[in-house]
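# Fold and geometry: a report
As a plain string of letters, each chain reads:
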Amino acid sequence: MQTIHKNSIPFPQRTESIPRSHETSRRAAAPARWGRLPELTLISSLGVLLVSFAGVQSRLAADWAALPLWIGLLVIFVPIAVRMLSDQPSRQERISLLVLMWGMLYLVKILHSPVRFTFGDELQHWRTAEDILLTNRLFSFNSILPVSSFYPGLEIVTSALVKLTGLDIFEAGILVIGVARLVLVLTLFLLYEMVGGTARLAGMATILYIANPMFLFFDAQYAYESLALPFATFALFLIVCRERAKGGKFWVLTLLAAAIIVSVVVTHHVTTIMFLGFLMLWLLASFVVKGRSWATTGRLTLIFLFSLAVSLVWLLFVAYITIDYLGPTVMSALSQVVQLIKGETVGRELYRSFGGTLPPMWERVAGNGAMVLILLGLPVGIFRVMRHHRANLFMVTLALGALVYPVTHVLRFTSIGVGIAVRLQEFLFLAVALVLAMAIETWLSRRLRWWQVLMMTLGMALIFVGGIILGWSPSERLPGQYQTSSHGRSVEPQSIAAAEWMREKHGSDNRVGTDYFNRLMMGSFGRQYIPSYMVDGVSLWSVFYATEIGPAELRRMRQVELDYIVADERLTTGLPVNGVYFEYGEPNARAHIAPLPPISYAKFNVMEYVSRIFDSGDVIIFDMQGVVDAR
Amino acid sequence: MRANLGALILLFLVDFVTAVLLVLVVSEPVAPAALYLRVLFAVLLVLVLPGYAVFKALLPGEYDAITQAVYSVGLSPCIALIGGLLLHWTVGLYANHWIMLLGGITLVASLVAFVRVVLNHPFESDTDEDTSWEINWQQLVTFGMGIVVAAVAVNMAHSSAVAQDERVHFTQLWTYKSAGAVQIGVLNAEGQPMQYNILAFDDQRALIGSWEPLVEADDTWELEMSIPVSNDTETINVVLYRSDRPSEIYRQTRLWLRQPLTDDTPQRR
């Protein structure tokens, strides 16, 4: 087992020493440093090929396409995880294996959407990036996600790349997110290695982090968290380095950490909140950990206060809209939890999608199994931390952070809270992964029998598979034919063509009322203004749900000065995969049991002064100016 | 000393890439090779080089490859981000401003790093590099096969996605008022040339125009029609038929020519 002297080396430098005088043996040993990397590259690429095959079959509507997907994912993950458990790989091989895992799992996301962004969040950020490219300025108004333009970190980097390379936003975005994920994986390894002391522990912890529910798809999409989270882990890495540095290096690292913290704040609100929360926990732990120094507490206090000050300045002077954006969701989720505890509401049925479908039994078993395994592993890991590392402040902080994991699962029983619970995983796993790796290390300290290796491999595979099941709904894991309100399957050529027609024939910034996914396409590809409750204080869902347009509906349309309505007839034939047709306040949101009634759109065909100006079969555009502008 | 030489060579390469990119951006090349070179160098300038140069300028000791890589790709987006904010508050995020900002930071930082490495500054670490990039031919072949298989997987997924898009067939029909006339148009996205039959009626169902355009795949057909002068005409209804299904209305639009005089709730019509 390789070790580093954690108190004497301020940077993760070399962990194994080969004397320079032994150049000959060094040369002979060099290819061995790659260990099993070449073979594992070939094996994992076969896994990627299987995933690609699954995608091809899914696009052809094969209902067995999930099978090669799961086999492919396991072929990528399991061999590398097994190798990480072994004590044979060098540090170089472990890092190379993590880079391999990074590349292959990022390919899984790219294979899902290889020609354009198809996840809803990606279109929202695409619009912000395009605004920057068109205006050469930041903070343009983005009606499909107003908060996005006030956290433009991702889009700034993308626009620099687009301006200098000539690539389009999709290609540049893939590059930026790819590099960000590489930073995430490598900084996590270095951080865990510094804190835990061995490359083996760090490798296992990083692999377990990769198994978190949001890693494969959510944090690989073109959205602000995908860049902010790597920045946050890099900042933590720099702060830990700084704690171990002296003299000039201390101040240099302080400067770099400050720059990265500013980048986190400018890139994503939730990551900023989580980062502040972690710093606060770290600070509190510094008061109670045995052998602490007041100097450490003082330095952490300054970092925390700096981070808090930057966050508040950004929030109050630039991104004040964040409060309106996050506040209602958090309050609704908390309210539902309170109601659940009081017994005033029935809990949400776990695993049932918002489209009403239940995944296969084995998926539910695997999801629960992963949760149970993590819940069983946490006490073991925490016990090991408290027994062997109680003077290691950062390790104790991570152990405390891991205690939050079980609590978040209460939120999964509420319809709004489930989104928050899942969204917390990528942050909590920073702590959970190391604590679980500590638990595994309990057994690694002795020589393993084959069945013990098998059990551990199965455990890690279960956490990986269960994570994907918990984090991403079945129909959205693979590309495929059109589905109603589905990430990955609702962004398709007919709607995109309608949005582009709108932009070409009627210009941008017309006020367009439409459903959840057409609003994303009209707002991005079409560059239209999409009225919303958050910005305009008016919800338009009642305009669609009403059997006929009455004074109340007309008032709403006039309040937002609606120009056009885009109707998608396919909404009248399927339940929404993401739970809503229009927005979260609509009747039966996240609990629809029947498709949208045909009258929702049919009524516009027979209304006086409403022109049906566009028809492409499924997508119809109505010009509402005749009734909205009438005075 | 050997590691210092390596650092100096790398810093020279950083400056070389920056200088070439500057020329490529300013000269706006059209040759494919120059364009590819521009993409490659620009990706390096945004995502790798500023971070590496700043890291070497501020912490010029010897570090292992992984640490240098993390600082390079971790700091570079951060430099672009903070630089982007500064550009927004000053001269704007134009391409030439980006190249001056990122290129300037990279050149200045690499100059500082160059001086500090040469001066063998006091921060220098006492560790030596143990990472070896040597690889034997069997490993190279195996590794190469893995890359090829992954490339095949990407190509397969890309072709499949493009083919799926091509399987989505539709026809757009539009009618709208513009510049005192009625614009009627058709986009054929059926994947093959289409013969359409288009009829326009007024609200009394009187035929006011008919056309039989043959529209190539992915092509459009457009027509400008003057607005009927009769005061009785309130709407223009346009109906599109496919020539292979002449009895079935395929697309239809309806255009109101006037607006209501009052703001009463509109009636069913």
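Residues numbered from 1 in each chain as written. Chains lettered and ligands numbered in written order. Predicted model: local features only at pLDDT ≥ 70, side-chain atom pairs only at ≥ 80, totals over all residues.

### Considering the overall build of chain A
Looking only at helices and strands, chain A features 25 helices and four strands. Radius of gyration (C-alpha) of chain A: 26 Å, near the 25 Å computed for a compact globule of 631 residues. Structurally, chain A occupies a C-alpha span of about 90 × 55 × 50 Å along its principal axes. For chain A, the proportion of its 631 residues judged to be buried stands at 56%. Of the contacts made within chain A by residues no fewer than 6 positions apart, 72% connect residues no fewer than 24 positions apart. (Helix = DSSP H or I, 4+ residues; strand = E, 2+ residues; numbered from the N terminus. Rg over C-alpha atoms; globule rule 2.2 N^0.38 Å. Buried ≥ 20, exposed ≤ 12 C-beta atoms within 10 Å, placed from the backbone. Contact = placed C-beta atoms within 7 Å.)

### What to know about the overall build of chain B
Along its length, chain B carries six helices and eight strands. Mapped from its N terminus to its C terminus, chain B presents α and β elements in the order α-α-α-α-α-α-β-β-β-β-β-β-β-β. In chain B, buried positions account for 35% of the 269 residues. Counting only contacts in chain B whose residues sit at least 6 apart along the sequence, the fraction spanning at least 24 positions is 62%.

### Considerations on the domain arrangement of chain A
Residues and elements named next belong to chain A. Split into domains, chain A comes out as domain 1 (34-476) and domain 2 (493-628). The gap between the C-alpha centroids of domain 1 and domain 2 is 35 Å. The element best represented in the side of domain 1 that touches domain 2 is helix α5 (residues 120-135), accounting for five residues. Classifying every residue of the side of domain 1 that touches domain 2 gives six nonpolar, nine polar and three charged. (Domains from an automatic or database assignment. Nonpolar A, V, L, I, M, F, W, Y, C, P; charged D, E, K, R; others polar.)

### So, the packing of helix α3 (residues 49-58) of chain B against helix α5 (residues 95-118) of chain B
All names here are of chain B. Their axes nearest at 7 Å, the elements α3 and α5 cross at an angle of 30°. Judged by the inter-axis angle, α3 sits roughly parallel to α5. Between α3 and α5 the crossing geometry is left-handed. Residue-level contacts link Leu-49, Pro-50, Ala-53, Val-54, Lys-56 and Ala-57 of α3 to Leu-102, Ile-105, Thr-106, Ala-109, Ser-110, Val-112, Ala-113 and Arg-116 of α5. (Axes fitted to C-alpha atoms, helices over the stretch in contact; angles between N-to-C directions. Parallel < 35°, antiparallel > 145°, perpendicular 65-115°, else oblique. Left-handed = near helix turned anticlockwise from the far one by under 90°.)

### Describing the nonpolar core
As a rule of thumb, soluble globular proteins bury nonpolar side chains together. Ranked by size, the top nonpolar core spans 262 residues in total, and within it Leu-208, Ala-235 and Val-435 of chain A together with Val-46 of chain B carry the most contacts. Looking at which element gives the most residues to this core, the answer is helix α7 (residues 169-196) of chain A, with 19 residues. Not counting residues up to four positions away in its chain, the partners in contact with Val-46 of chain B are Val-157, Ala-160, Leu-161 and Leu-164 of chain A together with Ser-76, Ala-80 and Leu-102 of chain B. (Core = buried A, V, L, I, M, F, W, Y, C linked by C-beta atoms within 7 Å.)

### Digging into the interface of chain A and chain B
Listed as interface residues are 95 residues of chain A and, on the opposing side, 86 residues of chain B. Broken down by element, the side of chain A that touches chain B gets its largest block of residues, 12 residues, from helix α2 (residues 37-59) of chain A. Grouping the constituent residues of the side of chain A that touches chain B by class yields 57 nonpolar, 21 polar and 17 charged. With two bridges joining them, strand β3 (residues 611-615) of chain A and strand β1 (residues 170-178) of chain B adopt antiparallel strand pairing. Looking at β1 of chain B, one finds that Phe-614 of chain A is bridged to Trp-174 of chain B. (Pairing = 2+ DSSP bridges.)

### Notes on the pairing of strand β8 (residues 245-256) of chain B
Residues and elements named next belong to chain B. Direction of pairing for strand β7 (residues 235-242) relative to β8: antiparallel, over a ladder of eight bridges. Its bridge partner lying in β8, Val-239 is registered against Gln-252. In this antiparallel pair of consecutive strands, β7 and β8, the connection spans two residues.

### So, the confidence of the model for chain B
Detailed reading of the predicted coordinates is not advisable wherever pLDDT is low. Residue and element names in this part refer to chain B. Mean pLDDT over chain B stands at 86; residues scoring 70 or higher make up 84%. Scored below 50 in pLDDT, residues 122-128 makes 15 contacts in the model with residues more than four places away or belonging to other chains. Reported for the predicted complex are a pTM of 0.91 and an ipTM of 0.90. (pLDDT = per-residue confidence, 0-100.)

### Details of unusual backbone geometry
The backbone of Ala-61 of chain A sits at a positive phi, close to 70°, despite the residue not being glycine. Residue placement: Ala-61 of chain A occurs in the loop between α2 and α3 (66-85).

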